[in-house]
Amino acid sequence: MLLQKFGLSILESLANSITISVSTDGLPKEETFSYVEQRITACDGNPAMFTKGALNLIHQASVGVLRSIGAISTAGMGKAYASDSPTVETEHIQAVISR
């Protein structure tokens, strides 16, 4: 769809300035889990902060897209903190993705 829009004459100069177009697939489930756990570890956090159910739901909702994984995970941590929960549960992630 974006490529079709670049075909419009008013966007021709923008289309000419783009030199590379890359399309990627989302991460598989195991790599999504690993990504979240590694990001938590990099911040000196507990990688077991997310339950397996929460990680499954993050992967399902994000379809493995890194930016979505990060946004959903961060919002889920906020929900867990607001409810005084030491772990991010499925219900926290469900609250994030249902809004």
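Quantities reported herein were computed from a predicted structural model and do not represent experimental measurements. (Residues numbered from 1 in each chain as written. Predicted model: local features only at pLDDT ≥ 70, side-chain atom pairs only at ≥ 80, totals over all residues. Heavy atoms only, no water.)

Caption draft 1: Structural detail: the overall build of the protein chain. From N to C terminus, the protein chain includes 6 helices and 0 strands. Within the protein chain, the proportion of its 99 residues that are buried is 23%. Accessible surface computed for the protein chain: about 7,000 Å², of which carbon and sulfur atoms make up 56%. (Helix = DSSP H or I, 4+ residues; strand = E, 2+ residues; numbered from the N terminus. Buried < 20%, exposed > 50% of the residue type's maximum accessible area, 1.4 Å probe, protein only. Areas by Shrake-Rupley, 256 points an atom, 1.4 Å probe, with all protein chains shown as cover.)

Caption draft 2: Layout of the nonpolar core. Counting residues in hydrophobic clusters, the biggest one holds 15 residues, and the most contacted among them are V36, F50, L55, I58, V88 and I93. Residue assignment for this core shows that the elements contributing at least two residues are helix 3 (29-42), helix 4 (52-62), helix 5 (66-82) and helix 6 (90-97). Once residues lying within four places of it in the same chain are set aside, the contact partners of V36 are F50, L55, I69 and S73. (Core = buried A, V, L, I, M, F, W, Y, C linked by side-chain atoms within 4.5 Å. Contact = heavy atoms within 4.5 Å.)

Caption draft 3: Broad picture of the packing of helix 5 against helix 6. The contact between helix 5 and helix 6 brings their axes to 8 Å, and the two run at 120°. In terms of axis orientation, helix 5 runs oblique to helix 6. For the crossing formed where helix 5 meets helix 6, the hand is right-handed. For the pair helix 5 and helix 6, contact is made by I72, A75, G76, K79 and A80 and by H92, I93, A95, V96 and I97, respectively. Classifying every residue of the contact of helix 5 with helix 6 by side-chain character gives 7 nonpolar, 2 polar and 1 charged. (Axes fitted to C-alpha atoms, helices over the stretch in contact; angles between N-to-C directions. Parallel < 35°, antiparallel > 145°, perpendicular 65-115°, else oblique. Left-handed = near helix turned anticlockwise from the far one by under 90°. Nonpolar A, V, L, I, M, F, W, Y, C, P; charged D, E, K, R; others polar.)

Caption draft 4: Representation of the environment of F33. If you trace the backbone, F33 turns up in helix 3. In contact with F33, not counting residues within four places along its chain, are K52, L55 and N56.

Interpretation note: all reported values are geometric properties and have no functional meaning in isolation.
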